[in-house]
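Each chain, written out:
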Amino acid sequence: MSQIERIGVSLETELLCAFDALIAGRGYPSRSEAIRDLIRQEISDEELANPKAEAVAAVFLVYTHHSTKLMAMLTDLQHSHLLQTISSMHIHLDEHNCLEVIVLRGQVGEINKTAENLISLKGVKLGRINLLATDAT
Ligand code: NI
């Protein structure tokens, strides 16, 4: 385990009150835990600007399951990016729509490229990439 350093931070009273209200609302047990998470989030977000940074991503796709061609292309794309594709999950949302969550791992630039290829497939109605840089942990 890493060595722990103690730091002192000076804040205006109003700012501290707002911060305390924010973290209480989110359920943080302490300021330290909240500050650690905020720092990790900022470092992770900064790293995502680097296309070579290591990251994981969840790609959310909503599409109609009536297109067998699309389902085949989704599977083909995952098979051709085997090293990036960690896992996928399929949920039948309703009579017509499916949700696919595909988890990718690799460099930010490569992940974005694969995710954009998935989202831009004909028949995909909604798509979103959710990236986390893993070096910040
Ligand atoms: Ni389905």
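Residues numbered from 1 in each chain as written. Predicted model: local features only at pLDDT ≥ 70, side-chain atom pairs only at ≥ 80, totals over all residues. Heavy atoms only, no water.

Draft legend 1. The arrangement of the overall build of the protein chain in detail. For the protein chain, the count of helices and strands is four helices and four strands. The helix and strand sequence of the protein chain, counted from the amino end, reads α-α-β-α-β-β-α-β. Relative to its length of 137 residues, the protein chain is extended, with a C-alpha radius of gyration of 20 Å against a globular reference of 14 Å. Going through the 137 residues of the protein chain one by one, you find that 27% of them count as buried. Of the contacts formed within the protein chain by residues at least 6 apart in sequence, a portion of 64% connects residues at least 24 apart. Put simply, the protein chain has 12 plus and 18 minus side-chain charges, and the middle of one group is 4 Å from the middle of the other. (Helix = DSSP H or I, 4+ residues; strand = E, 2+ residues; numbered from the N terminus. Rg over C-alpha atoms; globule rule 2.2 N^0.38 Å. Buried < 20%, exposed > 50% of the residue type's maximum accessible area, 1.4 Å probe, protein only. Contact = heavy atoms within 4.5 Å. Lys, Arg positive; Asp, Glu negative; His and termini not counted. Charge placed at Lys NZ, Arg CZ, Asp CG, Glu CD.)

Draft legend 2. Local environment of the domain arrangement of the protein chain. Per the domain assignment, the segments making up the protein chain are domain 1 (13-48) and domain 2 (54-133). Computed from C-alpha atoms alone, the centre-to-centre distance between domain 1 and domain 2 is 31 Å. (Domains from an automatic or database assignment.)

Draft legend 3. Structural context of empty space enclosed by the protein. In the structure shown here, the tally under the stated rule is one cavity of 30 Å³ or more. Around the largest cavity, the lining residues are L22, I23, R26, Y28, A34, D37 and L38. Contributions of two or more residues to the lining of the largest cavity are made by α1 (13-26) and α2 (31-47). Taken together, the residues of the lining of the largest cavity sort by class into five nonpolar, no polar and two charged. (1 Å grid on protein atoms, 1.4 Å probe; cavity = no way out; pocket = protein on both sides within 12 Å on 5 of 7 lines; lining within 4 Å. Points joined across faces, edges and corners; volume = space filled by probe spheres on them. Nonpolar A, V, L, I, M, F, W, Y, C, P; charged D, E, K, R; others polar.)

Draft legend 4. Structural detail: the layout of surface pockets. Roughly 680 Å³ of volume is contained in the largest pocket. Every residue lining the largest pocket is counted, 18 residues in all, and those nearest its centre are E5, I7, S32, I35 and R36. Elements with a minimum of two residues in the lining of the largest pocket: α1 and α2. The leading source of residues in the lining of the largest pocket is α2, at six residues. Per-class residue counts for the lining of the largest pocket are ten nonpolar, three polar and five charged.

Draft legend 5. Structural view of the coordination of the nickel ion. Protein-derived coordination of the nickel ion comes from H90 (NE2), H92 (ND1) and C98 (SG), at a distance range of 2.1 to 2.4 Å. If you list the donors of the nickel ion from N- to C-terminus, the spacing comes out as H-x1-H-x5-C. Overall, the relative accessible area of 31% leaves H90 in the partly exposed class. Take C98: its relative accessible area is 2%, and that puts it in the buried class. (Donors = N, O, S within 2.8 Å, 3.2 Å for Na, K, Ca; no water.)

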